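# Per-entry structural report
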Amino acid sequence: MAGPAYWPIELYGDDGWSMRVEFVYTNELGAEADLDVSARTYRAQVRATIDSQVVLCEMDVDDGDAANGVIVVSIPHGEERGLTGRWDLQEVIGSGAPTTLFAGPVTWTGDITR
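Note that the coordinates shown come from a computational prediction; the quantities given were computed from them, not determined experimentally.

Each helix and strand counted, the protein chain has zero helices and eleven strands in total. Along its sequence from the N terminus, the protein chain presents helices and strands in the succession β-β-β-β-β-β-β-β-β-β-β. Counting over 114 residues, the protein chain shows a buried share of 33%. The long-range fraction of contacts in the protein chain, counting pairs at least 24 apart against all pairs at least 6 apart in sequence, stands at 59%. If you sum the accessible surface of the protein chain, you get close to 7100 Å²; carbon and sulfur atoms cover 50% of it. Positive and negative side-chain charges in the protein chain, numbering 7 and 19 respectively, have mean positions lying 7 Å apart.

Here is the structure:
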């Protein structure tokens, strides 16, 4: 892998944000199959800048369907307003080093209807 996939997050008002990630592979029959990622660990954070020591938001990672190759990354409700900076999603397999899967900017726009 050449690096993380670029994925900007554009937040709007108090609207929630989530991203469903599906892990699949091509099996020996040439068909797509779900990849069981239940033994893997995922973390995602938002920081003001790449080198910031302060975590602005610890994102939720729902791995309840990881055995079927699905995780859902979300920003906890109530933390989206005014949130800007950079984010990434990291995966750790066993005791290995983290691999960054997605990264990008986080922007926020206020809503009009109140």
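Moving on from the coordinates now.
Another aspect to go through is the side chain of Gln45. Position of Gln45 among the secondary structure elements: in strand 6 (residues 40–47). Taking the relative accessible area as the measure of exposure, Gln45 reaches 14% and is therefore buried.

The next point concerns the pattern of salt bridges. Per the stated rule, a full pass over the model turns up five salt bridges. A salt bridge links Glu91 to Arg40, with the shortest nitrogen-to-oxygen separation between them at 3.0 Å. Of the two residues, Glu91 sits in strand 10 (residues 85–93) while Arg40 sits in strand 6, which places them 51 residues apart along the sequence.

To continue, consider the pairing of strand 3 (residues 18–22). Burial along strand 3 is one-sided: the residues Met19 and Val21 are buried and none of Ser18, Arg20 and Glu22 is. Bridging between strand 3 and strand 9 (residues 70–74) involves five bridges; their strand directions are antiparallel. Paired with Val21 across the strands is Ile71, a residue of strand 9.

Together, Glu32, Asp34, Asp60, Asp62, Asp63, Asp65 and Glu79 give the surface a local cluster of negative charge. For the negative patch, the leading source of residues is strand 8 (residues 60–65), giving four residues.

Moving on, we get to the packing of aromatic side chains. Aromatic ring pairs: the centre-centre distance and the angle between the two ring planes describe each pair. Taken as a whole and judged by the stated rule, the model has three aromatic pairs. Ring geometry for Trp17 and Trp87: centres 5.9 Å apart, planes at 70 degrees, overall edge-to-face. Of the two residues, Trp17 sits in the loop between strand 2 (9–12) and strand 3 while Trp87 sits in strand 10, which places them 70 residues apart along the sequence. For the pair Trp17 and Trp87, a shared accessibility class is recorded, and that class is buried. Measuring from centroid to centroid gives 5.7 Å for Phe23 and Tyr42, while their planes differ by 40 degrees, and the two rings are tilted. Of this pair, Phe23 sits in the loop between strand 3 and strand 4 (24–26) while Tyr42 sits in strand 6, and the two are 19 residues apart along the sequence.

Note: strands within a sheet are paired through backbone hydrogen bonds, in either parallel or antiparallel orientation. Here we have three strands laid out as an open sheet, ordered 3-9-8, and antiparallel in their pairing. One side of each edge strand has no neighbouring strand; the edge strands of this open sheet are strand 3 and strand 8. Each strand axis lies, on average, 20 degrees off the axis of its neighbour in the sheet, ignoring direction. Sheet analysis places strand 8 next to strand 9, joined by four bridges and oriented antiparallel. Of the residues in strand 9, the one forming a bridge with Asp60 is Ser74.

Rules and cut-offs
- Residues numbered from 1 in each chain as written.
- Predicted model: local features only at pLDDT ≥ 70, side-chain atom pairs only at ≥ 80, totals over all residues.
- Heavy atoms only, no water.
- Helix = DSSP H or I, 4+ residues; strand = E, 2+ residues; numbered from the N terminus.
- Buried < 20%, exposed > 50% of the residue type's maximum accessible area, 1.4 Å probe, protein only.
- Contact = heavy atoms within 4.5 Å.
- Areas by Shrake-Rupley, 256 points an atom, 1.4 Å probe, with all protein chains shown as cover.
- Lys, Arg positive; Asp, Glu negative; His and termini not counted.
- Charge placed at Lys NZ, Arg CZ, Asp CG, Glu CD.
- Salt bridge = Lys/Arg side-chain N within 4 Å of Asp/Glu carboxyl O.
- Pairing = 2+ DSSP bridges.
- Patch = residues over 30% accessible without salt bridge, like charges linked within 9 Å, V, L, I, M, F, W, Y side chains within 5 Å.
- Phe/Tyr/Trp six-rings, centres within 6.5 Å; stacked < 30°, edge-to-face > 60°.
- Axes fitted to C-alpha atoms, helices over the stretch in contact; angles between N-to-C directions.

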